[in-house]
Amino acid sequence: MLPPLADCHLHLEGSLPPATLEALARRAGSPLADFSVFEAARRGVRESGGFLSLFASVCRLFRGPEDYAGAARAVAESLAADGVGYAEIYVSPEIFNRMKLPAEECLLAVAREFASRPGGCDCRILLDVVRQWGSGSANRVLDLHEKTGHPAVVGFGMGGDENSLPASEFAGVYARARSLGLKTSVHAGEWSGPSSVEDALDQLHPDRIDHGIAAAASPPLLRRLAEEGTTLWVAPTSNVATGAVPSFEAHPIRRLLDAGVSVALCADDPLLFATTTSGEYAAVSRRLGFDEAVLKDLAETSWRARFGS
């Protein structure tokens, strides 16, 4: 029997319960209101641009702060029902801006809902920036945080296309985030090789890394991660669904663990990848043979690697 879980690598729009997606899509007259259409799109995320296109389609369903407040509550309740006691969820203010929505109001709507602990899950916010939009966009997110400063915000991270811009482009941004009291993370080593992880460590000095699976190809990097105690938040179902690894059985998570790397399991975008946090534990048990002791260690790591108290 696993203890309550923590999941600190989730994206808000990609974590919606299916019923919430259906309601938003029906109001918008979107074909995604037909869940069979959504499932067909989900099965196609391995195609070039498939995942980013589907994620953007979900984001376009939102019309304002009320939608984001409702989404935050629905996601928190869904996580609690899945046995997740604590979560850190990426929220992207620059996506609000690009959709012509009031970024400050949308961010605060999410923060206030999370502060009320709907469903009993303690949810916090990770401010998300999109790598390909550049350091100017990233600094606007920190400008917003300086203005709002809600206590639900505990960290800062970067997703998007890791091949688009070098980590060095964001060194000053990450230093600024730390100066504002935020913990930091970065998506790296998902689509690029070990050098992506090395550059992130050297240039950004993150507290942890999202994905990081490419490190398995570099014994020196594995030793460094183990010695420095940097936790990788690993999402096996996501990695298989997007084609980052060819199959579940080929996933390098066992090599990471055998090398002494700190690893926590996460669902990433459970709506888009047809998974849940507890489902990731079930999957590595069923498909990779992880026993109860390994699952317990993964669960304990998930709590130790959180940013909030």
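Described below are features of the structure shown in this document. (Residues numbered from 1 in each chain as written. Predicted model: local features only at pLDDT ≥ 70, side-chain atom pairs only at ≥ 80, totals over all residues. Heavy atoms only, no water.)

Where helix H6 (residues 103-115) meets helix H7 (residues 134-148), the closest approach of the two axes is 11 Å, and the angle between their N-to-C directions is 65°. For the crossing formed where H6 meets H7, the hand is right-handed. Contact residues: Ala103, Glu104, Leu107 and Leu108 in H6; Leu144, Lys147 and Thr148 in H7. Of the residues belonging to the contact of H6 with H7, the class tally is 4 nonpolar, 1 polar and 2 charged. (Axes fitted to C-alpha atoms, helices over the stretch in contact; angles between N-to-C directions. Helix = DSSP H or I, 4+ residues; strand = E, 2+ residues; numbered from the N terminus. Left-handed = near helix turned anticlockwise from the far one by under 90°. Contact = heavy atoms within 4.5 Å. Nonpolar A, V, L, I, M, F, W, Y, C, P; charged D, E, K, R; others polar.)

Evaluated as defined, the whole model comprises 7 aromatic pairs. Plain terms: the ring middles of Phe35 and Phe38 are 5.3 Å apart, the flat faces sit at 35° to each other, and that makes the pair tilted. Here Phe38 and Phe35 lie together in helix H2 (residues 35-43), a separation of 3 residues that amounts to about one turn. Among the residues examined, Phe38 registers a relative accessible area of 0% and is labelled buried. (Phe/Tyr/Trp six-rings, centres within 6.5 Å; stacked < 30°, edge-to-face > 60°. Buried < 20%, exposed > 50% of the residue type's maximum accessible area, 1.4 Å probe, protein only.)

Glancing now at the environment of Leu180. Tracing the sequence through the fold places Leu180 in the loop between helix H8 (171-179) and strand S5 (183-188). Sequence separation of Leu180 and Gly155 is 25 residues, and the distance between their C-alpha atoms is 9.9 Å. If near-sequence neighbours (up to four positions away) are discounted, Leu180 is found in contact with Leu142, His145 and Glu146.

Time to look at the nonpolar core. Membership of the largest hydrophobic core comes to 90 residues, with the highest contact counts inside it found for Leu79, Ile89, Ile125, Phe156 and Leu256. If sequence neighbours within four positions are ignored, Leu256 has contacts with Ile213, Ala215, Ala216, Leu222, Leu232, Val234, Val261 and Val263. Grouped together as the second largest cluster of nonpolar side chains are 8 residues, Ala6, Cys8, Ala235 and Ala264 included. (Core = buried A, V, L, I, M, F, W, Y, C linked by side-chain atoms within 4.5 Å.)

Ordered by their spatial adjacency, 8 strands build an open sheet running S1-S2-S3-S4-S5-S6-S7-S8, and the pairing between neighbours is parallel. Every other strand in the sheet has two partners, leaving strand S1 (5-11) and strand S8 (263-265) as the edge strands with one partner each. Across the sheet, the axes of successive neighbouring strands diverge by a mean angle of 25°, strand direction being ignored. Two strands pair when backbone bridges link them, and strand S3 (residues 122-130) and strand S4 (residues 153-159) are joined in this way by 6 bridges, in the parallel orientation. By the bridge assignment, Asp128 is partnered in S4 with Gly157. Against the sheet, H7 contacts S3 and S4, and its axis sits at roughly 145° relative to S3. (Pairing = 2+ DSSP bridges.)

Structural measurements only, silent on function.
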